Amino acid sequence: MKLVKFIFLLIFIVFFGCSSKTDAVLETEEILEVQKEESETPEAIANTAVEEYGQLRVDGKNMVDEDGDPVQLRGMSLFWSQWMGEFYTKETVKWLKEDWNINIIRASMGVEDDGGYLTNAVTEKAKVFEVIDAAIEEGIYVLVDWHSHHAEDYVEEAKSFFAEVAEKYGEYPNIIYETYNEPLDVSWEAVLKPYHEAVVAEIRKYDSNNIVVCGTRNWSQGVSEVIGNKLADSNIMYTLHYYASTHKEELRNAAQTALDNDVPLFVTEYGVTEYTGDGVIDIASVEEWWAFLDANAISWCNWSVADKEENSAALKPGSSGLGGWSISEITQSGQMVREEMKEKN
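Worth saying up front: this structure is predicted, and the values here are computed from it rather than measured.

So, about unusual backbone geometry. Between W303 and S304 the backbone carries a cis peptide bond, its omega angle lying at 5 degrees. Note that S304 resides in strand β10 (residues 300–305). Positive phi is not limited to glycine here, since W219 has a value of about 60 degrees. Secondary-structure assignment places W219 in helix α8 (residues 217–220).

Written out as structure tokens, the structure reads:
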């Protein structure tokens, strides 16, 4: 309509040979100014995490977005895929994004334990792939976790799995690989670093862009051991796990030492409880940890989306695997973490 009005006024001006700024000319100039302002109006603010941050990468001790600005993601970790597979659904991912405000979801592929990848690969992969597909559809990031305590015993299986994931999804900026959940008391130099190097090399055959997060010694707490002994790949982060009622200042100090030496950390799993996943919730320690993570822009996933009868579970027994949970169905842990994400994400 503005264009028609503009053409009409232009014809009027030319036809009558106006030589001064008549009312018609002034109105024409006003229309042009409006059109200029409209053309300069910035695009709508991005409404998904991936639209906002784009391709993530590592820069020094930070994860940064495509503009080089530090990024802190906050989200939830699903429980072992073979034991809480009912929550590996697109509905759960969608609900967590819309109602809990997550911007990352962690899919925890069970490996050597009963019913895991080693004995049931097709079924377990299908669960993880559904979560990845849902994350891509919802515009959030997804951490693809090889959820094992003995991954060094299954190097070829890990390489095969991550090669398949990278080939299938490596073109998407949503993907973050987690090659080993929680190693036990094994050497970083002799065991863990060579394991990660082998798996990362397989990923890089198909995906040269997305971040890989590597588990550290002693339940992913030995982050200071990585100092001066990082993988050669520049797009690598290192795993820090904690449970707030058990792990406190000593572990934070170790993490700070690692950060001070440019070791980029990602808390791919933490709980507000004791290390068992149960026990008391130390609210003061939870707040201290969140403050530390915020101060250092460290991303995190909370353990866990499950309705197991333990205090680290976000949901009460009997909760649906399709989302839609009322507050009365969410545990104390779940409510605390949900509120944190709704406030800060």
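Moving on from the model shown.
Our focus in this paragraph is empty space enclosed by the protein. Counted according to the given criterion, the structure contains 1 cavity of 30 Å³ or more. Lining of the largest cavity is provided by K61, M63, M237, L265, N296, A297, I298 and S299. Per-class residue counts for the lining of the largest cavity are 5 nonpolar, 2 polar and 1 charged.

This part takes up the layout of surface pockets. Considering only enclosed or pocket space, the largest pocket measures out at about 410 Å³ in volume. Taken together, 22 residues form the lining of the largest pocket, with E182, W219, Y243, E269 and Y275 sitting closest to its centre. Counting only elements with at least two residues in the lining of the largest pocket, the list comes to α8 and β8 (236–243). Ranked by the residues each element gives to the lining of the largest pocket, the list is headed by β8, at 3 residues. Grouping the constituent residues of the lining of the largest pocket by class yields 8 nonpolar, 10 polar and 4 charged. Its boundaries defined by the atoms lining it, the second largest pocket holds a volume of some 230 Å³. Taken together, 15 residues form the lining of the second largest pocket, with A49, E52, N101, N103 and N345 sitting closest to its centre. In terms of residues, the lining of the second largest pocket owes the most to one element, helix α3 (residues 49–53), which gives 3 residues. Across the lining of the second largest pocket, the residue classes break down as 5 nonpolar, 6 polar and 4 charged.

Turning our attention to the environment of V128. Within the secondary structure, V128 is located in helix α5 (residues 117–138). Residues V128 and T89, spaced 39 residues apart in sequence, show a C-alpha to C-alpha distance of 9.1 Å. Setting aside anything within four residues of it in sequence, one finds V128 in contact with Y88, A107, M109, V144 and F161.

Definitions and limits used
Residues numbered from 1 in each chain as written. Predicted model: local features only at pLDDT ≥ 70, side-chain atom pairs only at ≥ 80, totals over all residues. Heavy atoms only, no water. Helix = DSSP H or I, 4+ residues; strand = E, 2+ residues; numbered from the N terminus. 1 Å grid on protein atoms, 1.4 Å probe; cavity = no way out; pocket = protein on both sides within 12 Å on 5 of 7 lines; lining within 4 Å. Points joined across faces, edges and corners; volume = space filled by probe spheres on them. Nonpolar A, V, L, I, M, F, W, Y, C, P; charged D, E, K, R; others polar. Contact = heavy atoms within 4.5 Å.

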